[in-house]
Amino acid sequence: MRFTVRFALALLCVPALGVVRPAQAQWSIAPSVALGTAVPAGAFSRDVAESVTFKGALWLRAPRVPVGLTLEGMYAQFRDARPNVASENTHVGAVLANVTTRRHERKLELYGVAGAGWYWRNGPTDSFAERQAPGINVGVGEIIALGRRDFFVELRLHAVRTPARTGEQWMTFMPLLIGARF
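Please read all numbers here as calculations on a predicted model, not as lab measurements. (Residues numbered from 1 in each chain as written. Predicted model: local features only at pLDDT ≥ 70, side-chain atom pairs only at ≥ 80, totals over all residues. Heavy atoms only, no water.)

S.K.: I'm lost on the nonpolar core in this one. Help?
M.R.: Side chains of nonpolar character tend, in soluble globular proteins, to be buried together. Counting residues in hydrophobic clusters, the biggest one holds 14 residues, and the most contacted among them are Phe44, Phe78, Val92, Tyr119, Met171 and Phe173. Sequence-distant contacts of phenylalanine 44, that is, excluding residues within four places in its chain, are made with Phe78, Thr90, Arg121, Met171, Thr172 and Phe173. (Core = buried A, V, L, I, M, F, W, Y, C linked by side-chain atoms within 4.5 Å. Buried < 20%, exposed > 50% of the residue type's maximum accessible area, 1.4 Å probe, protein only. Contact = heavy atoms within 4.5 Å.)

Right, here's the structure in full:
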């Protein structure tokens, strides 16, 4: 059994190491950056307003496989929307791993994305442990190939489990991002 697993992993790594002929597909790793806005949803929208959002990612693609993987870091800053309350902006950071669908060799490429990650938030809690939580995300995007660069537009829904002590069950928001893949 161990030999079979090692053999399968070795076969997957051969294209990444460049041991195959140049005409064959290779593993690709493409960094990307995106900037946009995030709209709060649900109970989270009572306290905060739209935000500025930034995302950096690595897109990982294996040859001839219909799905890929993205590893991402995201930051959003929501401004306080409560009237007559003097408080700081809410900052949300996340480290995410996502599975993305893909098509081959097209100028316009619609893709789906779904994943999970770990989120951090400054907020009304006293403990650092209560300001971090797991979350999920799901969304769609469109890649537009222009020359040697790929540009994309992406919309996602993020849902983060919050501690019961804050009075909320979920913190949800939807970033709309425009970015480039290099």
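S.K.: Help me understand the side chain of serine 32 in this model?
M.R.: Considering the arrangement of structural elements, one finds serine 32 in strand β1 (residues 28–41). Using a relative accessible area of 3% as the deciding quantity, one classes serine 32 as buried. Within the local environment of serine 32, its side chain forms a polar contact with the side chain of tryptophan 59, the two groups lying 2.9 Å apart. Beyond its immediate stretch of four places on either side in the chain, serine 32 contacts Lys55, Gly56, Ala57, Trp59, Phe152, Ala180, Arg181 and Phe182. (Helix = DSSP H or I, 4+ residues; strand = E, 2+ residues; numbered from the N terminus. Polar contact = N/O pair within 3.5 Å; in protein donor to acceptor, adjacent residues only side chain to side chain.)

S.K.: Whenever I open this one, the pairing of strand β4 (residues 90–101) confuses me. Can you help?
M.R.: Regular strands place their side chains on alternate faces of the sheet. Pairing geometry for strand β3 (residues 67–80) and β4, over 12 bridges, is antiparallel. Note that in β4 the partner of leucine 69 across the bridge is valine 99. Note: β4 against strand β5 (residues 108–121), nine bridges, orientation antiparallel. Pairing of threonine 100 across the sheet is with valine 113, part of β5. (Pairing = 2+ DSSP bridges.)

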